[in-house]
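Residue-level structural notes
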Amino acid sequence: MPRDSHGHLTPGRISPLRPVPSSIVRPEYVGKAAPADYTGGDVYDAATIELIRESSRIAADAITAVGEAIRPGVTTEQLDVIAHDYVTSHGAYPSTLGYRGFPKSVCTSVNEVICHGIPDDTVLLDGDIVNIDITAYKNGVHGDTNRTFVVGDAPQTTVDLVERTREALNRGIKAVAPGRQVNVIGRAIEMYAKRFGYGVVRDYTGHGVGRAFHSGLIIPHYDAPQFDDVMEVGMVFTIEPMLTLGGVDADIWADDWTVTTRDFSLTAQFEHTMVVTERGAEVLTTY
Ligand code: MF3
Ligand code: CO
Ligand code: CO
């Protein structure tokens with residue numbers, strides 16, 4: 001089934017599109033090949049930040065609901081159903097569904113999958129890790145967050161990778177302050193990850209989020225001085241580091257979505273949406 005003789009993940013069976021009630025407002029990109037060019041900025045007024053807070057709250061609570069179902073024997077398809085039904089029953093649209101053709105309401109990224117895993121008939125096994133990445137769209141704005149869960153009991157090296165990736169995100173958040181360049185975030189994350197010899201993925205980054213799912217603003221997770229955008233009060237973006245027990249080179253499956261480590265090393269990720277305040281960052285996707 002969806003593991004080969006080495007225990008590596010392989011593509012599974014993807015179920016038909018899950019319908020969304022017609023009362024729920026779709027993002028503009030649904031049914032199109034790609035989103036429209038985003039021309040708005042990344043700084044929001046207080047009223048819009050409250051709307052992003054509401055979308056972010058739904059996304060974070062949906063992950064908690066999915067997390068309660070994670071155990072050996074569950075399929076990633078079953079987790080998609082929980083995510084989809086949670087988000088839609090709270091009046092929001094699951095932003096990944098129909099985003100550039102992505103077919104599901106959550107990304108489920110298992111073990112060596114770095115990100116963008118598609119829910120299918122993959123059965124989670126004791127000792128796996130699985131990242132749950134949910135974005136909710138409501139009132140014209142998105143909130144985006146992810147967490148990695150350990151399935152059953154895993155070796156200490158696995159648990160350590162997961163907990164240190166959570167801490168790497170926290171280090172990145174603590175580096176946020178108005179007037180600083182966004183590259184301070186990646187510097188803080190990479191400095192922490194290097195202590196443990198972990199790889200820091202470069203090909204996927206944090207991003208501006210709000211009126212657009214991905215605004216064009218890039219937040220690097222490694223030391224990259226060229227990303228010199230200056231943080232401002234009211235700016236909204238994600239930080240979402242991906243750390244590995246090995247290298248950082250990536251491969252993409254023939255589905256054009258699933259991203260794995262080339263060396264099949266284990267990889268974990270955590271993501272928050274946050275707003276820059278006078279004092280630092282306020283996380284909108286707390287749990
Ligand atoms: N939620 C992801 C992010 O953190 C994006 C997923 S896009 C998808 O930016 F199409 F793969 F779902
Ligand atoms: Co994101
Ligand atoms: Co995300």
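The structure reproduced in this document is the subject of the present report. (Residues numbered from 1 in each chain as written. Chains lettered and ligands numbered in written order. Predicted model: local features only at pLDDT ≥ 70, side-chain atom pairs only at ≥ 80, totals over all residues. Heavy atoms only, no water.)

**Describing the pairing of strand E5 (residues 141-150)**
- In terms of burial, E5 is largely enclosed, as nine of its ten residues are buried.
- In the sheet, strand E4 (residues 129-138) pairs with E5 via ten bridges, with the strands oriented antiparallel. Within the sheet, the bridge partner assigned to Tyr137 lies in E5 and is His142.
- Following E4, the chain reverses through two residues before pairing antiparallel with E5; Asn139 in that reversal takes a positive phi of roughly 55°. (Buried < 20%, exposed > 50% of the residue type's maximum accessible area, 1.4 Å probe, protein only. Helix = DSSP H or I, 4+ residues; strand = E, 2+ residues; numbered from the N terminus. Pairing = 2+ DSSP bridges.)

**With respect to the site of ligand 1**
- Close contacts around ligand 1 come from 14 residues, with Thr96, Asp133, His214, Glu240 and Glu271 the closest.
- His207 has a polar side-chain atom sitting 3.0 Å from an oxygen atom of ligand 1.
- Across the complex, the protein chains shield 97% of the 340 Å² of accessible surface that ligand 1 would expose by itself.
- Across the shell around ligand 1, the residue classes break down as five nonpolar, five polar and four charged. (Near = heavy atom within 4 Å. Polar contact = N/O pair within 3.5 Å; in protein donor to acceptor, adjacent residues only side chain to side chain. Areas by Shrake-Rupley, 256 points an atom, 1.4 Å probe, with all protein chains shown as cover. Nonpolar A, V, L, I, M, F, W, Y, C, P; charged D, E, K, R; others polar.)

**Regarding the coordination of the cobalt ion (ligand 2)**
- Every protein donor of the cobalt ion (ligand 2) is accounted for by Asp144 (OD), His207 (NE2), Glu240 (OE) and Glu271 (OE), and the metal-donor separations fall at 2.0 to 2.2 Å.
- In this structure, the cobalt ion (ligand 2) is coordinated by six donor atoms arranged in irregular fashion, with angles at the metal of 53 to 159°.
- The motif formed by the donor residues of the cobalt ion (ligand 2), counted along the single chain, is D-x62-H-x32-E-x30-E.
- Separating the cobalt ion (ligand 2) from the cobalt ion (ligand 3) is a gap of 3.3 Å, which Asp144 spans by donating to each of them. In this pair, His207 is assigned in strand E7 (residues 206-207) and Glu240 in the loop between strand E9 (236-239) and strand E10 (242-244), connecting sequence segments 33 residues apart. Like Glu240, His207 is buried. (Donors = N, O, S within 2.8 Å, 3.2 Å for Na, K, Ca; no water. Tetrahedral: all angles 85-135°; square planar, octahedral: opposite > 155°, others 65-115°.)

**Thoughts on the environment of Val141**
- Tracing the sequence through the fold places Val141 in strand E5.
- Owing to a relative accessible area of 0%, Val141 belongs among the buried residues under this scheme.
- Residues Val141 and Val209, 68 residues apart in the sequence, show an inter-C-alpha distance of 8.1 Å.
- Apart from the residues lying within four places of it in its own chain, the contact partners of Val141 are Thr48, Leu51, Ile52, Ser55, Ala136, Gly210 and Arg211. (Contact = heavy atoms within 4.5 Å.)

The quantities given are spatial measurements derived from coordinates; they are silent on function.
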